[in-house]
Amino acid sequence: MPILGGIFERIALARFSRSFAMLMAAGVPILQGLSIVADSVGNRFIGAAVKSMQQGIERGDRLTNTAVATGLFTPLVLQMMSVGEETGAIDSLLDEVADFYEQEIDYDLKRLADAIEPILLVFLGVMVLVLALGVFLPIWDLSRVATGR
């Protein structure tokens, strides 16, 4: 979907980041955590990308390199993943990634609501016009009949 697709994608990525950060903070191994997150992300496309990340890590590749291969993440997020991987604080940085995506979602939803508002006002105006004409047209016809015109 052209308008809502990006929002849904960011929601799924925020869910991925938050879930994976919680699993990493809880001490769950990366491969098992990716498997759990792939099933719980709520989007088949992103779930398949997470599964491919899991396969890349099984081959011995770095988490950041597998994330780059999916093409889902922004450069800022990839850089934060890389720094988290190098410092060992990937759980806290993925939490910040989830916060970043959630802020983007809030901004996009506000922008979408601002774009839809004029359309809804016009639609509401047309509905009021139809209702008003439905009430007043019979009255005008009665007045014509009463005056004999």
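Rules used throughout
- Residues numbered from 1 in each chain as written.
- Predicted model: local features only at pLDDT ≥ 70, side-chain atom pairs only at ≥ 80, totals over all residues.
- Heavy atoms only, no water.
- Helix = DSSP H or I, 4+ residues; strand = E, 2+ residues; numbered from the N terminus.
- Rg over C-alpha atoms; globule rule 2.2 N^0.38 Å.
- Buried < 20%, exposed > 50% of the residue type's maximum accessible area, 1.4 Å probe, protein only.
- Phe/Tyr/Trp six-rings, centres within 6.5 Å; stacked < 30°, edge-to-face > 60°.
- Patch = residues over 30% accessible without salt bridge, like charges linked within 9 Å, V, L, I, M, F, W, Y side chains within 5 Å.
- Areas by Shrake-Rupley, 256 points an atom, 1.4 Å probe, with all protein chains shown as cover.
- Salt bridge = Lys/Arg side-chain N within 4 Å of Asp/Glu carboxyl O.
- Core = buried A, V, L, I, M, F, W, Y, C linked by side-chain atoms within 4.5 Å.
- Contact = heavy atoms within 4.5 Å.
- Expected span 1.5 Å × (residues − 1).

1. Some thoughts on the overall build of the chain
- Per the secondary structure count, the chain includes six helices and zero strands.
- Counting helices and strands in the order they occur from the N terminus, the chain gives α-α-α-α-α-α.
- At 26 Å, the chain has a C-alpha radius of gyration far larger than the 15 Å of a compact globule built from 149 residues.
- Sorting the 149 residues of the chain into buried and exposed places 30% on the buried side.

2. Thoughts on the packing of aromatic side chains
- Under the criterion given, the structure shown has four aromatic pairs.
- With a centroid separation of 5.6 Å and 50° between ring planes, the pair formed by F16 and F73 is classed as tilted. Pair noted here: F16 is in helix α1 (residues 5-25) and F73 is in the loop between α4 (63-70) and α5 (75-87), with a separation of 57 residues, a long-range link. One exposure class covers both F16 and F73, and it is buried.
- Here the aromatic residues F16, F20 and F73 are joined through ring pairs into a cluster of three or more.

3. So, a nonpolar patch on the surface
- A cluster of nonpolar side chains, contributed by L129, L133, V135, F136, L137, I139 and W140, occupies part of the molecular surface with about 660 Å² of accessible area.
- Tracing the sequence through the fold places V135 in helix α6 (residues 90-147).

4. Observations concerning the nonpolar core
- Counting residues in hydrophobic clusters, the biggest one holds 30 residues, and the most contacted among them are F16, L34 and F73.
- The set of elements that each furnish at least two residues to this core consists of α1, α2 (30-40), α3 (44-58), α4, α5 and α6.
- Per-element accounting of this core gives the leading share, seven residues, to α1.
- Not counting residues within four places of it along the chain, the set of residues in contact with F73 comprises L13, F16, M53, A67, L78, M81 and Y101.

5. Describing α5
- A rise of 1.5 Å per residue sets the reference length of α5, with its 13 residues, at 18 Å; its end C-alpha atoms lie 18 Å apart and thus fit the reference within 8%.
- Residues V77, L78, M80, M81, S82 and G84 constitute the buried set of α5.
- Buried residues belonging to α5 abut α1, α4 and α6.
- In the stretch just after α5, G88 is the one whose phi turns positive, near 85°.

6. Concerning the pattern of salt bridges
- Per the stated rule, a full pass over the model turns up ten salt bridges.
- A salt bridge links R10 to D108; the nearest nitrogen and oxygen atoms lie 2.5 Å apart. Highlighted residues: R10 in helix α1 and D108 in helix α6, separated in sequence by 98 residues.
- For D108, a relative accessible area of 11% gives the class buried.
- Residues K51 and D39 are paired through a salt bridge, measuring 4.0 Å at the closest nitrogen-oxygen approach. Placement of K51 in helix α3 and of D39 in helix α2 is noted, with a sequence separation of twelve residues between them.
- Judged by relative accessible area, which is 32%, K51 ranks as partly exposed.

7. Observations concerning the side chain of S82
- Structurally, S82 can be placed in helix α5.
- In this structure S82 touches R62 and T64, once residues within four positions along its chain are discounted.

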